[in-house]
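Residues per chain are reported as follows:
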Amino acid sequence: MIEMNVDSIRVSLMNYQRVVILKEKTAGRYLPIWIGPAEADAIAVKLQEMQVPRPLTHDLIHTIIQSLGAQINSIIVSDLNNDTFYAKIILDVAGKKVEIDSRPSDAIALAVRVKVPIFAEEAVLEKAGIMLDKETGKPFSADKLLEKAGEKGQVDPEEMKRLSAFADFIKTLDMGDIDKGKDKDKGKS
């Protein structure tokens, strides 16, 4: 498993669909995951440390978990199958590890609230991870990444065909400023 950070939330200019961008903590791979507008807002509210007058759904879930004596340890983006990402919320319940099936967006919204690690399985990163060209700030050719994965025998031909739609979507994202805001934030401290 690879530890990830929430890098940003983006909106595709083609269809206004939201994407949460996870970044590998110790390397340069990014993992874009499609999410709904409500989940995007739930993640953004917490990342921007905005105060809300009443608990949001993910705050409520966290409160329920705590009141039942459990603790969230981490979340894992565990699979990508038929263009659908899967995640698990890892709980500690009376010293026992319990895995709860979840949508990645909900798991990430919980993780940012309780500040627990976010992990991705290497197989998910191999299928859907992207690298950015340092000169242009654009994703490397998604077609090249798909060819490379296919050459390694990591993705069967049918999966390659399905992932090509994902690659086309990634091309519509403006990722050119993905690291620029971080440099400004470092100077504010």
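Cut-offs used in this document
- Residues numbered from 1 in each chain as written.
- Predicted model: local features only at pLDDT ≥ 70, side-chain atom pairs only at ≥ 80, totals over all residues.
- Heavy atoms only, no water.
- Phe/Tyr/Trp six-rings, centres within 6.5 Å; stacked < 30°, edge-to-face > 60°.
- Lys NZ or Arg CZ within 6 Å of the ring centre and 35° of its normal.
- Core = buried A, V, L, I, M, F, W, Y, C linked by side-chain atoms within 4.5 Å.
- Buried < 20%, exposed > 50% of the residue type's maximum accessible area, 1.4 Å probe, protein only.
- Contact = heavy atoms within 4.5 Å.
- Patch = residues over 30% accessible without salt bridge, like charges linked within 9 Å, V, L, I, M, F, W, Y side chains within 5 Å.
- Areas by Shrake-Rupley, 256 points an atom, 1.4 Å probe, with all protein chains shown as cover.
- Salt bridge = Lys/Arg side-chain N within 4 Å of Asp/Glu carboxyl O.
- Helix = DSSP H or I, 4+ residues; strand = E, 2+ residues; numbered from the N terminus.
- Arc of directions from axis to C-beta.
- Axes fitted to C-alpha atoms, helices over the stretch in contact; angles between N-to-C directions.
- Parallel < 35°, antiparallel > 145°, perpendicular 65-115°, else oblique.
- Left-handed = near helix turned anticlockwise from the far one by under 90°.
- Pairing = 2+ DSSP bridges.

J.: Any chance you could explain the packing of aromatic side chains here in plain terms?
T.: One pair of aromatic rings is described through two measures. These are the centre distance and the angle between the planes. For the structure on display, the rule yields one aromatic pair. One residue, Lys23, lies across the ring of Tyr30, its end atom 5.7 Å from the ring centre.

J.: What is the right way to read the nonpolar core from this model?
T.: The tendency in soluble globular proteins is for nonpolar side chains to be buried as a group. Grouped together as the largest cluster of nonpolar side chains are 33 residues, with contacts concentrated most on Leu22, Leu31 and Ile108. Non-local contacts of Leu22, meaning those with residues more than four positions away in its chain, are made with Met4, Asn5, Val6, Asp7, Arg29, Tyr30, Leu31, Ile33, Val77, Ile108 and Ile118. Val19, Ile21, Tyr30 and Leu132 belong to the second-largest nonpolar core, a separate cluster that totals five residues.

J.: How should a nonpolar patch on the surface be read in this particular structure?
T.: Side chains of Leu60, Ile64 and Leu68 sit close together on the surface and give an oily, nonpolar patch of about 320 Å² of accessible area. Checked against the element boundaries, Ile64 lands in helix 2 (residues 57–67).

J.: Sorry if this is basic, but what is going on with the side chain of Ser78 here?
T.: Residue placement: Ser78 occurs in strand 4 (residues 70–81). Of the residues examined, Ser78 reaches a relative accessible area of 19% and is grouped as buried. Look past the residues within four positions of Ser78 in its chain and what remains in contact with it is Tyr86, Ala87, Lys88, Glu121 and Val124.

J.: Would you mind showing me how to read helix 2 here?
T.: Within an α-helix, residues lying three or four positions from one another point in the same direction, as the helix has 3.6 residues per turn. The complete set of buried residues in helix 2 reads His58, His62 and Ile65. In a view along the axis of helix 2, the buried residues occupy a sector of 65°, so they form one face of it. Across from the buried face of helix 2, at angles greater than 90 degrees, the exposed residues are Thr57 and Ser67. Turning to helix 2, the residues buried within the fold contact helix 1 (37–47), strand 4, strand 5 (84–93) and helix 3 (104–114). Phi turns positive one or two residues past the end of helix 2, at Gly69, with a value near 85°.

J.: Would you mind showing me how to read the environment of Val11 here?
T.: Considering the arrangement of structural elements, one finds Val11 in strand 1 (residues 2–11). By relative accessible area, which is 38% here, Val11 ends up partly exposed. Separated by 23 residues in the primary sequence, Val11 and Trp34 have C-alpha atoms spaced 9.6 Å apart.

J.: Just checking my understanding: could you explain the pattern of salt bridges for this structure?
T.: Oppositely charged side chains may form a pair once their charged atoms are brought near each other. Inspection of every chain in the model, using the stated rule, returns eight salt bridges. Across the pair Asp106 and Arg103 runs a salt bridge, and its minimum N-O distance is 2.9 Å. Within this structure, Glu24, Arg29 and Glu122 form a network of salt bridges that share partners.

J.: Got a minute to help me understand the packing of helix 1 against helix 3 in this structure?
T.: Geometrically, a packed helix pair is captured by the angle between its two axes and the distance between the axes. Running from amino to carboxyl end, helix 1 crosses helix 3 at an angle of 15°, the nearest separation of the two axes being 9 Å. The angle between helix 1 and helix 3 places the two elements in the roughly parallel class. Classified by chirality, the crossing of helix 3 by helix 1 is left-handed. Together, Glu39, Ala42, Ile43, Lys46 and Leu47 of helix 1 and Ser105, Asp106, Ile108, Ala109, Val112 and Arg113 of helix 3 make up the contact between the two elements.

J.: What should I look at first to understand the pairing of strand 4 in this one?
T.: Consecutive side chains of a regular strand alternate in pointing toward one face of the sheet and then the other. Pairing analysis gives ten bridges linking strand 4 to strand 5, with the strands arranged antiparallel. Across the sheet, residue Asp79 finds its bridge partner in strand 5, namely Tyr86. A loop of two residues connects strand 4 with strand 5, the two strands running antiparallel in sequence, and Asn82 in this loop sits at a positive phi of about 50°. Direction of pairing for strand 4 relative to strand 7 (residues 118–120): parallel, over a ladder of three bridges. For Ile76, the partnering residue across the bridge sits in strand 7 and is Phe119.

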